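One letter stands for each residue in the lines below.
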Amino acid sequence: PRWEQFHHLVAPVASHVPYLVVDGNHDVGDDSFGECGVPFFARFHFPNHPQPYYSYDHSYLHVVAVSTEEDPVWEPSTESYKWLEQDLAAVNRT
């Protein structure tokens, strides 16, 4: 019921405006009501799955989505930090 309620609330906006999602503490953490991300990942497609980060270009905009639940992107030793560094370095700025 929680996911159906969320989709009902977001549908008026999501049917007209694209939006991004990343998993958060209520989706995969200790307070996920035991769901451990299963409903979340079943409902949303991630281009870089199973990595909890992805990016894409839309016109002149480079969009990055990063989850901090599994791998702190602010720590230089993490895979997500290394991915973000490489991703941003590869952005076409012309």
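Here goes a summary of the coordinates provided. Note that the structure is a prediction, hence the values are computed from the model and not measured.

Criteria and thresholds
- Residues numbered from 1 in each chain as written.
- Predicted model: local features only at pLDDT ≥ 70, side-chain atom pairs only at ≥ 80, totals over all residues.
- Heavy atoms only, no water.
- Helix = DSSP H or I, 4+ residues; strand = E, 2+ residues; numbered from the N terminus.
- Buried < 20%, exposed > 50% of the residue type's maximum accessible area, 1.4 Å probe, protein only.
- Contact = heavy atoms within 4.5 Å.
- Areas by Shrake-Rupley, 256 points an atom, 1.4 Å probe, with all protein chains shown as cover.
- Expected span 1.5 Å × (residues − 1).
- Bend = angle between axes of the 7 residues up to and from the residue.
- Arc of directions from axis to C-beta.
- Core = buried A, V, L, I, M, F, W, Y, C linked by side-chain atoms within 4.5 Å.
- Polar contact = N/O pair within 3.5 Å; in protein donor to acceptor, adjacent residues only side chain to side chain.

### Brief notes about the overall build of the protein chain
- On a plain count of helices and strands, the protein chain comes out with four helices and two strands.
- Taken from the N to the C terminus, the helices and strands of the protein chain come in the order α-α-α-β-β-α.
- Each of the 94 residues in the protein chain was classed as buried or not, and the buried ones make up 28%.
- Sequence-distant contacts, at least 24 apart, represent 46% of the contacts inside the protein chain between residues at least 6 apart.
- Accessible area of the protein chain: about 6,800 Å², with a carbon and sulfur share of 58%.

### Comments concerning helix α1 (residues 2–14)
- Here α1 is 13 residues long and its end C-alpha atoms lie 17 Å apart, about the 18 Å a rise of 1.5 Å per residue gives.
- At His8, α1 shows its largest kink, close to 30°, and the proline Pro12 lies no more than four residues downstream.

### Description of helix α4 (residues 79–89)
- Turning to α4, its buried residues are Ser80, Trp83, Leu84 and Asp87. The arc that holds every buried residue of α4, seen down its axis, measures 100°, which confines them to one face. Seen from the buried face of α4, the exposed residues on the opposite side, beyond 90 degrees, are Gln86 and Ala89.
- Looking at the buried positions of α4, the neighbouring elements they touch are β1 (53–58) and β2 (61–66).

### As for unusual backbone geometry
- The phi angle at Ser59 is positive, at roughly 60°, despite the residue not being glycine.
- With respect to the helices, strands and loops of the structure, Ser59 is situated in the loop between β1 and β2.
- For Ser59, a relative accessible area of 64% gives the class exposed.

### Here's the deal with the nonpolar core
- One finds Trp3, Val21, Phe40, Phe44, Phe46, Tyr54 and Ala65 forming the largest nonpolar core, which totals seven residues.
- Among all residues touching Tyr54, those that are not within four sequence positions of it are Leu20, Val21, Val22, Phe46, Pro47, Asn48, Val63, Val64, Ala65 and Trp83.

### Looking at the side chain of Ser67
- By secondary structure assignment, the location of Ser67 is in the loop between β2 and α4.
- Excluding its chain neighbours within four sequence positions, the residues that come into contact with Ser67 are Val22, Asp23 and Pro52.

### Concerning the side chain of Thr78
- Looking at where Thr78 falls in the secondary structure, it is placed in the loop between β2 and α4.
- Here Thr78 falls in the buried class, since its relative accessible area comes to 10%.
- A distance of 3.0 Å separates the side chain of Thr78 from the backbone oxygen of Pro72, its partner in a polar contact.

### What about the environment of Tyr60?
- Position of Tyr60 relative to the elements: it lies in the loop between β1 and β2.
- Judged by relative accessible area, Tyr60 falls into the exposed class, the value being 80%.
- For the pair Tyr60 and Asn92, spaced 32 residues apart in sequence, the C-alpha separation works out to 8.9 Å.

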